[in-house]
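Breakdown of the fold
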Amino acid sequence: MAKNLINKYVWLAETIYKSGPITFEEINEKWLDQDMDDKPIPLRTFHKWRIAAEEMFNLNIECERRGGYHYYIDNADEINSGGLRNWLLNTISVSNLLIDSQSLKNRILLEDVPSGQNHLAVILEAMKTNTQLSITYQSYWRDESNTFDIYPFCVKLFKQRWYLVAFSPYYDKVMIYALDRIFNIKKLDGETFNIPENFEPEEFFQDYYGIIAGTGRKVESVKLKVSAGQANYLRSLPLHATQEEIDVDGEYSIFTLHICPEFDFQQEILSNGEDMEVLEPLWLREEIARIVNRLWNKYNKK
């Protein structure tokens, strides 16, 4: 029963969000058209679902009374900006869709997310109360693990992996930890901390491509020459919020980004092979060339 109710809350929130101002009668038409039920939604039930959807997704579903009662999401801009509400709404919607498609389970292929997500519950609980954590951690670059205390600031999902951004008292700076490299974690009850007033998670990552951030590297203007076919992918899924297409030719497009070109960004460039060429800055172009040259020397051995 609970699952069915959640499905209905998600459906209602999605319907109002995607339709814009919409009347109760129009909502019922969509309800019946999609075979959600063979009966229209009673007005009283509609308001119960509306309130539940508001609480679940932290939405403000308002009603414009002029010209007929039209319902709309007052804070839709926050969803459009791609924040937690958008991610949560989309994730639950897709999850419910998959649950209702069990007969197709052998025809729906998903990507695996490493088991580090099991630590999320402890981390989120600690974040709610600003409680310190003790973790046993082994990075990809070390042969042994270490146990130490951290102050959890925020979490980030990137390329099917969860990461924890936390202040390390030992190093006296903000560090980033992959959750799937944490072997043990516990809250230090009674040991709290204060997040610096000038720390904003989105600002911390805004000048970077992925998970490597806070390095102090300066923002640079990066110019990429991309093949016509690959350019379509960049248009639909930009590499960065600052991406702009400044030139279009029959065979290629030129994109610019204002970004700190760290290692993970360089790896993304290389993953596009010959379809992507760095034009500027010169040092980045030369660095990619050196990597390609080393790769060529490996494959050119007889």
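Up top you'll find the structure we're talking about.
In this report, we go over the structure that sits alongside the text. From a predicted model like this one, the values you see are computed outputs, not experimental measurements.

1. Here's the deal with the packing of aromatic side chains
- Under the definition given, this model contains 15 aromatic pairs.
- Ring centres of Phe148 and Tyr177 lie 5.8 Å apart, and the angle between their planes is 40°; this geometry places the pair in the tilted category. Of this pair, Phe148 sits in strand β5 (residues 146-158) while Tyr177 sits in strand β7 (residues 173-178), and the two are 29 residues apart along the sequence.
- Relative to Phe199, the ring of Phe153 has its centre 4.9 Å away and its plane inclined at 55°; by these criteria the two rings are tilted. A residue pair is termed long-range when its members are at least 10 positions apart, and Phe153 in strand β5 and Phe199 in the loop between β8 (182-192) and α7 (201-205) qualify at 46 residues.
- Classification of Phe153 by relative accessible area gives buried; the value is 8%.
- Taken together through their ring pairs, the aromatic side chains of Tyr151, Phe153, Phe167, Phe193, Phe199, Phe204 and Phe205 make up a single cluster.
- Looking at Lys156, its charged tip hangs above the ring of Phe205, at a distance of 4.8 Å from the centre.
- Across from the ring centre of Tyr252, 4.4 Å away, lies the NZ or CZ of Lys225, which sits over that ring.

2. Some points on the sheet that holds strand β10 (residues 244-248)
- Strand order in the open sheet made by the four strands is β10-β11-β9-β12, with antiparallel pairing throughout. Every interior strand has two partners, whereas the edge strands, β10 and β12 (276-280), have only one. In this sheet, neighbouring strand axes are inclined to one another by 30° on average, regardless of whether the strands run parallel or antiparallel.
- Direction of pairing for strand β9 (residues 220-227) relative to β12: antiparallel, over a ladder of four bridges. Across the sheet, Leu224 pairs through a bridge with Val278, a residue of β12.
- The strands touched by helix α8 (residues 228-236) are β9, β10, β11 (252-259) and β12; relative to β9, the strand with the most contacts, the crossing angle is about 130°.

Here is what the cut-offs are and how they apply
- Residues numbered from 1 in each chain as written.
- Predicted model: local features only at pLDDT ≥ 70, side-chain atom pairs only at ≥ 80, totals over all residues.
- Heavy atoms only, no water.
- Phe/Tyr/Trp six-rings, centres within 6.5 Å; stacked < 30°, edge-to-face > 60°.
- Helix = DSSP H or I, 4+ residues; strand = E, 2+ residues; numbered from the N terminus.
- Buried < 20%, exposed > 50% of the residue type's maximum accessible area, 1.4 Å probe, protein only.
- Lys NZ or Arg CZ within 6 Å of the ring centre and 35° of its normal.
- Pairing = 2+ DSSP bridges.
- Axes fitted to C-alpha atoms, helices over the stretch in contact; angles between N-to-C directions.
- Contact = heavy atoms within 4.5 Å.

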